[in-house]
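Per-entry structural report
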Amino acid sequence: SANNVDPFYPSPTSYSAEMTDKCLSHPQASGLFHYHSISYCAVSPPSGTMTACAQDSSCNSGVKAYMLSTWTSRTLTLFGVAKDGHLIYGPYDSSGTQITTPGSNLDICNGKFDSNGNYVYYATDTFPYLTGCFGPGNWPAVTPTCTTNGPTAYVQNPSPPPPSPSPP
């Protein structure tokens, strides 16, 4: 964010939440349009006029719940590709279970190794929402202080599974 704090739940609370549209996105000062979270709009763009989050009661009353309520696909969904080339998936895994921190073995970067040994990121409903850094990340004993909606703990990212043997 512009103030280096969580754009929706800033800490210290002397900062205001950033103004976004219903897609939880906006242009930065230089004009570059970007998302701050797991917006359904990145997968299924809306039609018609876009309104501000503040003008929608469900968005304005609780961004965290709104993020998930608009995500219509409860399956493993490709959300994007990070600058480091790793895939970013939406907030649900292939079984339809919400990816949460802690509990889903995510590291500080919101990533983990999948069953094929590939490092991937997941969108979550806690800060940093998308990628927090380029991973795999380390296992800190601290959590973010720039948010009031951060994970309570991180887990150590397990080593990737060994590669499958090649057929003869």
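Our structure is the block above this text.
Residues numbered from 1 in each chain as written. Predicted model: local features only at pLDDT ≥ 70, side-chain atom pairs only at ≥ 80, totals over all residues. Heavy atoms only, no water.

We now examine the layout of surface pockets. Of the voids in this model, the largest pocket is the one considered here, and its volume is about 770 Å³. Considering the residues around the largest pocket, the lining is formed by 28 residues, among which His34, Tyr35, His36, Leu130 and Thr131 are closest to the centre. Of all elements in the fold, only strand S2 (33-35) and strand S3 (78-81) reach the threshold of two or more residues within the lining of the largest pocket. The element contributing the most residues to the lining of the largest pocket is S2, with three residues. Classifying every residue of the lining of the largest pocket gives 18 nonpolar, eight polar and two charged. Approximately 190 Å³ is the volume found for the second largest pocket. Lining the second largest pocket are 13 residues, with Ala17, Glu18, Cys53, Asn60 and Val63 positioned closest to its centre. Of the residues forming the lining of the second largest pocket, the biggest block, three residues, is contributed by helix H1 (residues 57-61). Partitioned by chemical class, the residues of the lining of the second largest pocket number eight nonpolar, four polar and one charged. (1 Å grid on protein atoms, 1.4 Å probe; cavity = no way out; pocket = protein on both sides within 12 Å on 5 of 7 lines; lining within 4 Å. Points joined across faces, edges and corners; volume = space filled by probe spheres on them. Helix = DSSP H or I, 4+ residues; strand = E, 2+ residues; numbered from the N terminus. Nonpolar A, V, L, I, M, F, W, Y, C, P; charged D, E, K, R; others polar.)

Moving on to the pairing of strand S6 (residues 119-122). Burial along S6 is two-sided: Tyr119 and Tyr121 and Val120 and Tyr122, pointing in opposite directions, are all buried. Across two bridges, strand S4 (residues 87-89) lies against S6 in parallel orientation. Counted as the bridge partner of Ile88 is Tyr121 from S6. Both strand S5 (residues 111-113) and S6 contribute to a ladder of three bridges, which runs antiparallel. Bridge assignment links Lys112 to a residue of S6, and that residue is Val120. (Buried < 20%, exposed > 50% of the residue type's maximum accessible area, 1.4 Å probe, protein only. Pairing = 2+ DSSP bridges.)

Distances and angles like these do not, on their own, reveal function.
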